[in-house]
Amino acid sequence: MCGIIGYCGNEDSVVRLIDGLKALEYRGYDSAGVSLFAEDGILTVKASGRIANIDTRLADEHSGVHAECGIGHTRWATTGKPNDINSHPHNSGKVSIVHNGIIENYKELKRACEQQGVVFASETDSEVIAALINLKYTETGDVMQSLRWTMAQLTGSYAVAALFADREKHVFAFRHDNPLIAAATADGNYLASDFAAVSKYTDRYYLPEDGDIVEMTADYIKFFDADGNEKQIEPVVVTDMNRADGKQGYPHYMLKEIHEVPRAIRDTCKDHIYENLPTFDKELTEKLAGAGRIYIIACGTALNAGKLGKTYFEKYAGIPVSCETASEFRYFPPILNENDRFIFISQSGETADTAASLRMVKARGLYTIAVVNTPNSTIAREADNVIYTRAGTETAVASTKAYNAQASLLFILALGAALEKGTVSEETAAALADKLVNQLPEAVETILADTEKIKALSEKYCTAHSCFFIGRGPDFYLAEESSLKLKEISYIHCEAYAAGELKHGTIALIEPDVPVISIISGDKIRSKTINNAAEVKAREAKVLMVTDRDTDEAEHTADDVYVIHCPDSDLFHICAAVFFQLFAYHTALGKGWDVDKPRNLAKSVTVE
Ligand code: F6R
């Protein structure tokens, strides 16, 4: 998703801004640009495609340009195509801006600006911000007034950084419901949408509040409240930071991150095992044990991890759990009760729909828990209680190790709630905790060592134009995640189906070149799902069965059977997810796609 960087200092801002943009690349983007104070005014260079295109344009068309101050942006297209014109920065008169977020009332604002003679170049909502600031600035000559007035016109979410042609070496910024930080470093001052952009220079940053205005030069960073009064903001000191550490010799971040799953599980869970028992802060386990219902709210992969969490809380603690898609929940919440508890799961901690759902629940005075991978992120800061997954930085756009860490954390948390409630014995909880933190990572290592076989399977199945994943119960929840992983990076159309539901219509789509991947674990539904696999086999689908044990029935039904031995059938899904992560990785690679930066996707989805 879009990224913002701003720099003022004595170093070459071109280098600093491009560096900052590269640090934000992992968020996903389709165009980029910078505005700099060059010798004869603001110079804007932007282009669709990769950041390297900006480098090339700067070298070809503005060789030797030097500036000590500027702003930069990576754009993930929302309003308007990902082309050169729609890229940021957007300029209007003396003003150049970059924007993250969405301006909901931009059409009416655009019409009003046009009535005042503004001619727009792009299709974006963002250009309206530049136009509004410039109109007010032309009228008043007052930067603060023009920024405050513009904020008052905007409906939606935004983080904006702006240059004024006649306020050289100054960057201004403001935000509403969209992340923006400022940081003072030995080499200069920064603004950014994300701490990752500056984490290599500093361990502390300032977090302006909604409605604040930031004024930054090489010498200072000042904050002003909505009434224009200067205010002090205490820096956030990051002691427990996820630092990007490169590919570490792996060809892709995604592969590196899949290989980090065993460590991610161990690091996430070991903080919560004390004297062999699941251990959490007392208030947290009491709140969960006393819950009438737990709502797990998240998006995408985090939501899929939450669905595994549902099975753990229901089985061990006997607490009913509803899993909710955040983008739906925020507008169509079910009837909520006082003793309901709410768990928000997010790798980035910045996902707009999840954050908005959290705020909605908090506004009703209900108890909220965040399960987050990014320290100090919005969701981590705003929840009543935060528990961190220790997966470490996830750079590949497709989420992998975060999923395993989230599901593992929910497993140990469910055991913590169960102990508090008295629904499992200490002996059982200790045995399960041991399986989770010691035996599960070993089982994952076995899958990681089997790359050649997984690659060969992916080659066999990758010619498909469409593919189905089937399973029942938690197998179905894993099918949903596996299908998401495969479709998002291989671009093969995939659907996850509850195995028993396929025959109620969708089986019409099954034909010889539509493979079906059947996930089967435990005893309860084994023969049922095998029957469902037989139904698609009878329609000539190729069947790959991924299961926790080999049986004659499986061998007779499937074209291929891949067996994953796991210490406990409840942990099978966390383990088997690694098979599907590798399967998706090799399929996408085989098709020649950029696995770390799949098309159209963003890492941190800060718009709704
Ligand atoms: C898929 C993926 C997304 C995210 C989703 C939520 O690989 O990465 O589905 O899981 O956008 O993101 P977070 O966890 O950051 O809230």
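For clarity, every value in this text was computed on a predicted model and none was experimentally measured.

Reading guide: rules and limits
- Residues numbered from 1 in each chain as written.
- Predicted model: local features only at pLDDT ≥ 70, side-chain atom pairs only at ≥ 80, totals over all residues.
- Heavy atoms only, no water.
- Helix = DSSP H or I, 4+ residues; strand = E, 2+ residues; numbered from the N terminus.
- Rg over C-alpha atoms; globule rule 2.2 N^0.38 Å.
- Buried < 20%, exposed > 50% of the residue type's maximum accessible area, 1.4 Å probe, protein only.
- Contact = heavy atoms within 4.5 Å.
- Areas by Shrake-Rupley, 256 points an atom, 1.4 Å probe, with all protein chains shown as cover.
- Lys, Arg positive; Asp, Glu negative; His and termini not counted.
- Charge placed at Lys NZ, Arg CZ, Asp CG, Glu CD.
- 1 Å grid on protein atoms, 1.4 Å probe; cavity = no way out; pocket = protein on both sides within 12 Å on 5 of 7 lines; lining within 4 Å.
- Points joined across faces, edges and corners; volume = space filled by probe spheres on them.
- Nonpolar A, V, L, I, M, F, W, Y, C, P; charged D, E, K, R; others polar.
- Pairing = 2+ DSSP bridges.
- Axes fitted to C-alpha atoms, helices over the stretch in contact; angles between N-to-C directions.
- Near = heavy atom within 4 Å.
- Polar contact = N/O pair within 3.5 Å; in protein donor to acceptor, adjacent residues only side chain to side chain.
- Sits in = over half its atoms within 2 Å of the grid points.
- Patch = residues over 30% accessible without salt bridge, like charges linked within 9 Å, V, L, I, M, F, W, Y side chains within 5 Å.
- Salt bridge = Lys/Arg side-chain N within 4 Å of Asp/Glu carboxyl O.
- Domains from an automatic or database assignment.
- Buried area = accessible area lost by both parts, 1.4 Å probe.
- Expected span 1.5 Å × (residues − 1).

Caption draft 1: Structural context of the overall build of the protein. From N to C terminus, the protein includes 19 helices and 27 strands. Taken against the 2.2 N^0.38 rule, which gives 25 Å for 608 residues, the C-alpha radius of gyration of the protein at 26 Å falls within 12% of a compact globule. For the protein, the spread of C-alpha atoms along the principal axes amounts to about 80 × 50 × 45 Å. Taken across its 608 residues, the protein has 59% of its residues classed as buried. Contacts in the protein between residues far apart in sequence, at least 24 positions, make up 71% of those at least 6 positions apart. As displayed, the protein has an accessible area near 22900 Å², and 46% of this comes from carbon and sulfur atoms. Between the mean site of the 61 positive side-chain charges and the mean site of the 87 negative ones, the protein shows a separation of 2 Å.

Caption draft 2: How the structure looks around empty space enclosed by the protein. Tallying each qualifying case throughout the model produces two cavities of 30 Å³ or more. Its volume calculated, the largest cavity comes out at about 60 Å³. Lining the largest cavity are Cys2, Arg75, Trp76, Ala77, Thr78, Thr79, His88, His99, Gly101, Thr124, Asp125 and Ser126. Here the lining of the largest cavity is built from residues that sort into three nonpolar, seven polar and two charged. Space inside the second largest cavity adds up to approximately 40 Å³. If you trace the second largest cavity, you find it lined by Tyr461, Cys462, Ala464, Cys467, Leu486, Ile492, Pro515, Ile517, Phe583 and Thr587. By residue class, the composition of the lining of the second largest cavity is nine nonpolar, one polar and no charged.

Caption draft 3: Fine view of the sheet that holds strand β21 (residues 367-372). Here five strands make up an open sheet; going across it, the order is β19-β18-β20-β21-β22 and the pairing parallel. The open sheet has two free edges, formed respectively by β19 (321-325) and β22 (385-388), since each of these has just one partner strand. Averaged over neighbouring strand pairs, the angle between their axes works out to 20° when direction is ignored. Where β21 lies against β22, four bridges are found, and the strand directions are parallel. Each residue of the ladder has a partner; that of isoleucine 369, found in β22, is asparagine 385. Lying on the sheet, helix α9 (residues 300-317) is in contact with β18 (293-298), β19 and β20 (340-346); it crosses β19 at an angle near 175°.

Caption draft 4: Expanded view of the site of the ligand. What surrounds the ligand is a group of 14 residues, the closest being Ser346, Gln347, Ser348, Thr351 and Glu488. Interatomic distance of 2.6 Å between a side-chain N/O atom of serine 346 and an oxygen atom of the ligand. Valine 397 is positioned such that a nitrogen or oxygen atom in its backbone is 3.4 Å from an oxygen atom of the ligand. The protein chains hide 90% of the 410 Å² of surface that the ligand would expose on its own. At a threshold of 2 Å from the grid points, most atoms of the ligand map onto the second largest pocket. Where the shell around the ligand is concerned, the elements lending two or more residues are α9 and α16 (474-490). Counting residues per element, the shell around the ligand draws most heavily on α9, at three residues. Among the residues making up the shell around the ligand, the classes are represented as five nonpolar, seven polar and two charged.

Caption draft 5: Region of interest: the layout of surface pockets. Empty space within the second largest pocket amounts to approximately 590 Å³. In terms of lining, the second largest pocket is formed by 28 residues, of which the most central are Cys299, Gly300, Thr301, Ala602 and Val605. If you list the elements that add at least two residues to the lining of the second largest pocket, you get α9, β20, α11 (352-363) and α16. At four residues, the largest contribution of residues to the lining of the second largest pocket is made by α16.

Caption draft 6: Fine view of a negative patch on the surface. On the surface, a cluster of negative charge is made up of Asp550, Asp552, Glu553 and Glu555. One can find glutamate 555 in helix α18 (residues 552-557).

Caption draft 7: Quick look at the pattern of salt bridges. The full count for this structure, using the stated rule, is 34 salt bridges. Ionic pairing is found between aspartate 560 and lysine 460, a salt bridge with its closest N-O pair at 2.7 Å. Here aspartate 560 is found in strand β27 (residues 560-563), whereas its partner lysine 460 is found in helix α15 (residues 451-461), with 100 residues between them in sequence. The exposure class assigned to aspartate 560 is buried, which follows from its relative accessible area of 17%. Since its relative accessible area comes to 35%, lysine 460 is described here as partly exposed. Across the salt bridge formed by lysine 537 and aspartate 559, the nearest N and O atoms sit 2.7 Å from each other.

Caption draft 8: A look at the environment of aspartate 570. Within the secondary structure layout, aspartate 570 lies in the loop between β27 and α19 (572-590). Among the residues examined, aspartate 570 registers a relative accessible area of 15% and is labelled buried. Aspartate 570 sits 484 residues away from asparagine 86 along the chain, and the two C-alpha atoms are 48 Å apart. Excluding anything up to four places from it in sequence, aspartate 570 contacts Tyr312, Lys315, Tyr316 and Phe411. Polar side-chain contacts of aspartate 570 include one of 2.8 Å to the side chain of lysine 315.

Caption draft 9: Geometry of the domain arrangement of the protein. For the protein, the assigned domains are domain 1 (3-238), domain 2 (253-449) and domain 3 (451-594). Relative to domain 2, the C-alpha centre of domain 1 lies at a distance of 35 Å. At the junction of the two partners, domain 1 supplies eight residues and domain 2 supplies seven residues. With both sides pooled, the region where domain 1 packs onto domain 2 buries about 610 Å², and carbon together with sulfur makes up 54% of that total. Taken together, domain 1 and domain 2 are joined by one salt bridge. Aspartate 177 is the partner of arginine 359 in a salt bridge, and the nearest nitrogen-oxygen pair spans 3.7 Å. For the pair domain 1 and domain 2, the number of links is zero residue pairs in polar contact (both at pLDDT 80 or more). Among the residues forming the side of domain 1 that touches domain 2, the class breakdown is six nonpolar, one polar and one charged.

Caption draft 10: Local environment of helix α1 (residues 13-24). With twelve residues, α1 extends 16 Å between its outermost C-alpha atoms, agreeing within 8% with the 16 Å of an ideal straight helix rising 1.5 Å per residue. Within the sequence span of α1, burial applies to Ser13, Val14, Arg16, Leu17, Ile18, Gly20, Leu21 and Leu24. On its buried face, α1 is in contact with β1 (3-8), β2 (31-38), α2 (52-61), β4 (69-75) and β10 (188-192). Sitting at the amino-terminal end of α1 is aspartate 12, which places a side-chain oxygen 3.0 Å from the backbone nitrogen of valine 14.

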